[in-house]
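The residues making up each chain are set out below.
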Amino acid sequence: MEIINDNQGMAGQARHDKYPRSMTGAQALLESLLHEGVDTIFGYPGGQAIPIYDTLYDYKDRLNHVLVRHEQGAVHAAQGYARVSGKVGVVLVTSGPGVANTITGIADAMIDSTPIVVIAGQVPSLLLGTDAFQEVDVIGVTQPITKWTYQVRNAGEIAWAVARAFYIASTGRPGPVVLDIAKNAQVGEIEYQPATINHIRSYIPVPDMNLGKIAEAAHLIDASQKPLALVGQGVILGKAEKELLNFLRKADIPAASTVLGLSALPSDEPLNVGMLGMHGNIAPNLKTNECDVLIAIGMRFDDRVTGDLATYAKQAKIIHLDIDAAEINKNVKADVPVLGNAKETLVAITQLLRENKHTAWREEFKSHWNREIQTVINKEIHPTEGSLKMGEVVNKVSEATKHQAILVTDVGQNQMAGVRYFKYTQTRSVVTSGGLGTMGFGLPAAIGAKFGAPDRTVCLFVGDGGLQMTIQELGTIMQSNIDIKIILLNNEYLGMVRQWQELFFKERYSETGMKNPDFVRIAEAYGIPGRAITKREELDGAIQEMLATKGAYLLEAKVAQKGMVYPMVPAGACITNIITGDE
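Keep in mind that this is a model prediction, so the values were computed, not measured. (Residues numbered from 1 in each chain as written. Predicted model: local features only at pLDDT ≥ 70, side-chain atom pairs only at ≥ 80, totals over all residues. Heavy atoms only, no water.)

(A) Summary view of the pattern of salt bridges. Counted under the stated rule, the structure contains 21 salt bridges. Between Arg300 and Asp302 there is a salt bridge whose closest N-O contact spans 3.4 Å. (Salt bridge = Lys/Arg side-chain N within 4 Å of Asp/Glu carboxyl O.)

(B) Fine view of helix 5 (residues 103-111). When helix 5 is considered as a whole, its buried residues turn out to be Gly105, Ile106, Ala107, Asp108 and Ala109. The elements touched by buried residues of helix 5 are helix 3 (71-85), strand 5 (116-122), helix 6 (138-142) and strand 7 (176-182). (Buried < 20%, exposed > 50% of the residue type's maximum accessible area, 1.4 Å probe, protein only. Helix = DSSP H or I, 4+ residues; strand = E, 2+ residues; numbered from the N terminus. Contact = heavy atoms within 4.5 Å.)

(C) Highlighting the environment of Ala163. Structurally, Ala163 is set in helix 7 (residues 158-170). With 349 residues separating them along the chain, Ala163 and Thr512 place their C-alpha atoms 46 Å apart. For Ala163, the residues in contact, after removing those within four places along its chain, are Glu36, Ala195, Thr196 and Ile197.

(D) Structural view of the packing of aromatic side chains. In this structure the tally under the stated criterion is 12 aromatic pairs. Measuring from centroid to centroid gives 5.9 Å for Phe42 and Phe451, while their planes differ by 75°, and the two rings are edge-to-face. Taken together, the residues Phe42 in strand 2 (residues 40-43) and Phe451 in helix 18 (residues 442-452) connect sequence positions 409 residues apart. Residue classification places Phe42 among the buried residues on the basis of a relative accessible area of 0%. Here the aromatic rings of Trp148 and Tyr150 are separated by 5.3 Å at their centres, their planes lie at 20°, and the arrangement is stacked. Among the aromatic residues, those joined into a ring-pair cluster are Phe42, Tyr81 and Phe451. (Phe/Tyr/Trp six-rings, centres within 6.5 Å; stacked < 30°, edge-to-face > 60°.)

(E) Quick peek at the packing of helix 11 (residues 241-251) against helix 14 (residues 342-352). The contact between helix 11 and helix 14 brings their axes to 9 Å, and the two run at 25°. On the basis of their axis angle, the class for helix 11 and helix 14 is roughly parallel. The element helix 11 and its partner helix 14 pack so that their crossing is left-handed. Mapping the contact onto sequence places Glu243, Leu244, Asn246, Phe247 and Lys250 in helix 11 and Lys343, Leu346, Val347, Ile349, Thr350 and Gln351 in helix 14. In the contact of helix 11 with helix 14, the residues fall into 5 nonpolar, 3 polar and 3 charged. (Axes fitted to C-alpha atoms, helices over the stretch in contact; angles between N-to-C directions. Parallel < 35°, antiparallel > 145°, perpendicular 65-115°, else oblique. Left-handed = near helix turned anticlockwise from the far one by under 90°. Nonpolar A, V, L, I, M, F, W, Y, C, P; charged D, E, K, R; others polar.)

(F) Just the sheet that holds strand 9 (residues 227-231), in detail. Read across the open sheet, the 6 strands follow the order 11-10-9-12-13-14; overall the sheet is parallel. Single-partner strands in this sheet number two, and they are strand 11 (272-275) and strand 14 (336-339). Along the sheet, successive strands turn relative to each other by an average axial angle of 20°, direction set aside. Where strand 9 lies against strand 10 (residues 255-257), 3 bridges are found, and the strand directions are parallel. Bridging from a neighbouring strand, Val231 pairs with Ser257 of strand 10. (Pairing = 2+ DSSP bridges.)

(G) Local environment of the sheet that holds strand 3 (residues 64-67). Here 6 strands make up an open sheet; going across it, the order is 3-2-4-5-7-6 and the pairing parallel. Every other strand in the sheet has two partners, leaving strand 3 and strand 6 (148-152) as the edge strands with one partner each. On average, each strand axis in the sheet is inclined to that of its neighbour by 20°, with strand direction left out of account. Of the strands in this sheet, strand 4 (89-93), strand 5, strand 6 and strand 7 are in contact with helix 7, which crosses strand 6 at around 170°.

(H) Summary view of the packing of helix 3 against helix 5. Contact pair helix 3 / helix 5: the axes reach a minimum separation of 7 Å and the direction vectors enclose 25°. Classified by the angle between their axes, helix 3 and helix 5 sit roughly parallel to one another. Residue-level inspection shows Gln72, Val75, His76 and Gln79 of helix 3 in contact with helix 5, the latter providing Thr104, Gly105, Ile106, Asp108 and Ala109. Taken together, the residues of the contact of helix 3 with helix 5 break down into 3 nonpolar, 5 polar and 1 charged.

Take a look at the structure:
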């Protein structure tokens, strides 16, 4: 097999067949997807994508198409699929409003580094720029929120474009790619040969390791008395979970995780000291401003993690491991930047480290953890009176699944309660909208997660606000017979906004109260059984019923209307300015 590097244009496609086959562009597209190992497509048909969908009719035995109810749902489903499977999620939609409805999901995938390829039909090339029916400038709209976007105007480009799209989406720091395929390219006849791309000029997905920086990092860590590791999703994306554990254990380094990095370490790992950030655990937030060496691994120092940058970790030497050079010094200046894939850079540093023990330093975390248990956690997961609390519902579901399920959340209080109180025993177990904070993400993402990990239990925690943003995807569950467990934490408020209104806006609850429908009856209309509970005594039985039910299930827990998620660091405040609710 001859491989030609993609130095320009279509020169990078590899020849696989001695004799090419004659077919339409639509057939070439589907053959190219199969060549990339695609098994599932999330999509919604429309006028300018009909030739592709017509061809798809003949590929039903090789490509599983999941018919969503809204194009935004297709992208979030593809994200869920990608996050738990490690593969590229694929979306197929039509032009105009179809592709425009994908924008939120594409932006979400970009900021959370999720590999997806969105394929959109487009008006014929001759009509481009004429404001034809359902024409949108897809390139102009999506270019700022993708790794690459390309318009295919003739069938001969399709194999190359697909190969390039998958290579870019899946390599380096992953992300979304958009292919805009004109209708004439879909119906045109070509001599098809599959393509493979393994190099693109000027695109360096994994920078070379600087051995000098590796040595500097190891020296700083060896000399440290109070090291702290911050674990981001880059560890998971780089498949470096084992390497991370070896690194931490050799140097005896406590590690805290970002929201997206949570399942990189098992919840019961002794070196795992919890979650960072606005609603993170007290100990790692406080110790960030006490450590002497801060080792950031595959994370981008998001403002929800750092709080006020002017007061963030000023006492510490910063070692920043990342695959993306653009993240180095973007928010926090690194004393030792280490570029490369964490799977390789962690090994290189670990080899140079001496065995170490930081017993006294690690003990300091325990007093803060005990304080959090007393002031926050016990009140949230073991309440003895009052309304149901989000934390106790999350904790009970996690325990009932033996901490082996995949957690999917929507956005808001349900999200923060979910990531705080769910536990993890294996990697790729958290699917949530991190950087963009997209309400409506949860339900379609859970659908995709189930297709990406069909043998695992998928538990979605969603609020009454977020559920109603994409509630139509219950139809997708019904049509595709998808087994996900939906736990609706219903407080009849837009809970996180209400929490801010209570704390920072003098309890002026402007437009956050929700008058809601009967969610259980709505689910039943889609053939999904369900149950609503209001009492603590009902919780265990309801969870067991949910997990024992074959197929999808909706458990609506009517929780405290004005519940709070603590601890909380106010936006823009110093990371040590922590509100615990017992003040």
